[in-house]
Amino acid sequence: MEFRDLKMQYQVLKTDIDAALLRVAASGQYIGGAELRALEEELAEYCGRRYCVSCANGTDALVLGLKALGIGEGDAVFVPDFTFFATAEAPCLCGAVPVFIDVEAESFNISAASLEREVRRVLREGKLRPACVIPVDLFGLPYDYEQIKAVAERYELKVIEDAAQGFGGRIGERRACSFGDLSTTSFFPAKPLGCYGDGGAVFTDDERVRDLLESLKVHGKGKEKYDNVRIGTNSRLDHIQAAVLRVKLRAFREYELAAVQDAAARYDRLLREAGLEKDLILPRVPEPFSSSYAQYTLRLRRSEVREALAEALKQRGIPTMVYYPKSMSRQTALLSYAGDSDCRTAQSLAEEVLSLPMHPYLKEEEQAQVVAALKDFFAD
Ligand SMILES: *Cc1c(COP(=O)(O)O)cnc(C)c1O
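Definitions and limits used
Residues numbered from 1 in each chain as written. Predicted model: local features only at pLDDT ≥ 70, side-chain atom pairs only at ≥ 80, totals over all residues. Heavy atoms only, no water. Helix = DSSP H or I, 4+ residues; strand = E, 2+ residues; numbered from the N terminus. Rg over C-alpha atoms; globule rule 2.2 N^0.38 Å. Buried < 20%, exposed > 50% of the residue type's maximum accessible area, 1.4 Å probe, protein only. Areas by Shrake-Rupley, 256 points an atom, 1.4 Å probe, with all protein chains shown as cover. Lys, Arg positive; Asp, Glu negative; His and termini not counted. Charge placed at Lys NZ, Arg CZ, Asp CG, Glu CD. Contact = heavy atoms within 4.5 Å. Polar contact = N/O pair within 3.5 Å; in protein donor to acceptor, adjacent residues only side chain to side chain. Axes fitted to C-alpha atoms, helices over the stretch in contact; angles between N-to-C directions. Left-handed = near helix turned anticlockwise from the far one by under 90°. Nonpolar A, V, L, I, M, F, W, Y, C, P; charged D, E, K, R; others polar. Phe/Tyr/Trp six-rings, centres within 6.5 Å; stacked < 30°, edge-to-face > 60°. Lys NZ or Arg CZ within 6 Å of the ring centre and 35° of its normal. Pairing = 2+ DSSP bridges. Core = buried A, V, L, I, M, F, W, Y, C linked by side-chain atoms within 4.5 Å. Disulfide = S-S within 2.5 Å.

Novice: I'd love a proper account of the overall build of the protein chain, names of residues and values included.
Specialist: Broken down by element type, the protein chain carries 12 helices and 13 strands. Its C-alpha atoms give the protein chain a radius of gyration of 21 Å, within 12% of the compact-globule value 21 Å for 380 residues. When its C-alpha atoms are laid out on the principal axes, the protein chain stretches across 70 × 60 × 35 Å. For the protein chain, the proportion of its 380 residues judged to be buried stands at 55%. Accessible surface, the protein chain: about 17000 Å² in total, of which carbon and sulfur atoms supply 49%. Of the charged side chains in the protein chain, 49 are positive and 58 negative; the average position of the first set lies 1 Å away from that of the second.

Novice: Tell me about the environment of arginine 49, and name the residues and values.
Specialist: Among the structural elements, arginine 49 can be located in the loop between helix 2 (34–47) and strand 1 (51–55). Sequence spacing of arginine 49 and phenylalanine 179 is 130 residues, and the spatial spacing of their C-alpha atoms is 9.0 Å. Once residues within four sequence positions are removed from consideration, arginine 49 is found in contact with Ala44, Cys177, Ser178, Phe179, Gly180, Asp181, Leu182, Ser183, Phe203, Thr204 and Asp205. There is a polar contact of 2.9 Å between the side chain of arginine 49 and the side chain of serine 183.

Novice: Describe the packing of helix 1 (residues 6–27) against helix 8 (residues 239–273), and please don't skip the residues or the numbers.
Specialist: Contact geometry of helix 1 with helix 8 gives a least axis separation of 8 Å together with a crossing angle of 140 degrees. Regarding helix 1 and helix 8, the two cross each other, and that crossing is right-handed. Contacts between helix 1 and helix 8 involve Leu6, Gln9, Val12, Leu13, Asp16, Ile17, Ala20, Leu21, Val24 and Ser27 from the first element and His239, Ile240, Ala243, Val244, Val247, Lys248, Arg250, Ala251, Tyr255 and Glu256 from the second. Across the contact of helix 1 with helix 8, the residue classes tally to 13 nonpolar, three polar and four charged.

Novice: Account for the packing of aromatic side chains, naming residues and giving values.
Specialist: Considering all chains together, one arrives at 16 aromatic pairs under this definition. One aromatic cluster in this structure is built from Phe3, Phe82, Phe84, Phe108, Phe139, Tyr323 and Tyr324. Over the face of the ring belonging to tyrosine 51 we find arginine 210, whose NZ or CZ atom lies 4.5 Å from the ring centre.

Novice: Describe the sheet that holds strand 1, naming the residues involved and giving the relevant values.
Specialist: Strand order in the open sheet made by the seven strands is 1-9-8-5-4-2-3, with mixed pairing throughout. Either end of the sheet is taken by a strand with one partner, and the two such strands are strand 1 and strand 3 (97–101). If you compare each strand with its neighbour and ignore which way they point, the axes differ by 30 degrees on average. Bridge count for strand 4 (residues 129–133) against strand 5 (residues 158–162) is two bridges, and the pairing is parallel. Residue cysteine 132 lies in a different strand from strand 5, and its bridge partner there is lysine 158.

Novice: Give me the nonpolar core: which residues, what numbers.
Specialist: With 66 residues, the main nonpolar core has Leu66, Phe78, Phe82 and Leu115 as its most contacted residues. Beyond its immediate chain neighbours, meaning those up to four positions away, leucine 66 contacts Ile71, Val77, Ala90, Pro91, Cys94, Cys132, Ile134 and Ile160. If you look at the next biggest cluster of nonpolar residues, it comprises 28 residues, including Tyr296, Leu300, Leu309 and Phe378.

Novice: Which residues make up the state of the cysteines, and what are the values?
Specialist: Counted according to the given criterion, the structure contains zero disulfides. Just so you know, cysteine 52 is unpaired, no disulfide at all, and the nearest cysteine sulfur is the one on cysteine 47, 7.4 Å from it. The exposure class of cysteine 52 is buried, given its relative accessible area of 6%. Looking at cysteine 195, it has no disulfide partner, and the nearest cysteine sulfur is the one in cysteine 55, 11 Å off.

Novice: Residues and numbers for the pairing of strand 4, please.
Specialist: The buried count for strand 4 comes to four of five residues, which makes it a mostly enclosed element. Summarising the sheet, strand 2 (residues 75–80) and strand 4 pair through four bridges and their orientation is parallel. Looking at the pairing, alanine 76 lines up with proline 130 of strand 4.

Pasting the structure below:
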């Protein structure tokens, strides 16, 4: 059994992917190109944003987004303590300072109250300007952006949606990548929409921000290519990746997203029927939210059995992953930023979580096998 079966996906989409790859190879255009422009338009339309600017990966998307919003030295950027490293790394790369916010156990995410507490602490200390917050659409579930709106307005914080895992998720009719001042995503192969290498994108409704992003991602270019008006970087999405992504976006819209959501509903049902809620806390998706299930992540009621459980599943050919084993304030590289921050819930989540195999091509029998193995483990 595969944790995320990308080879199977290729087999299903092979005809179209092969044609797309060969089309780019024959076009002679490997940077920029027709597929890239078409992809950006399709992504903007799908997510409900005016502009999509593609770039080299999801980490660059965050860095470019922060820079385009003018965030840098002397600025505090608030990030959840429980996320992938890049969310906290990006502000550091801009010369800003990440401030870690503890998360709530149910949502794995920050609350308005915890954000406000940290903003007030930064203001009291008087060393940094509270500038930006980066909520994360963790495991495919969009963050509840409404709840921090008032706090963001009160303290004039920019809001960046880190939708690296959120692509395809919704709140009501609004899709991920449409929340906050700007949104970023990643096309790393294992993300909800992945390419065949690294890729990423920034979404915005602001034409001025779009222009800045276009400049920053190509060496701070001005009106012409060899007119450089600011320090930027080289962060382009390859033409060939854009061609792959267009094929995959079509499959994602037509059936992959629905298939993943069906698989999640099946896990929910099978786990409940097996009486496993006494041992495991299932992922919660409250109305009117909809998750794209980048991960199907359980919490163990007794975290001390996690290692043994993962091993027992592995023995039966079932791969699992721990996203994430270490919170940001505990990361060696970030210790100097962590100070005496006390993010207890993030730290316990890091000990409790376990993600099950999840992808659009997961079979019902495979899910039944996973649940049977869990049931046997907890019966012993
Ligand atoms: C994967 C990920 C990123 C970074 O994306 P890359 O394309 O790997 O650089 C950023 N934030 C979160 C939450 C992620 O999961």
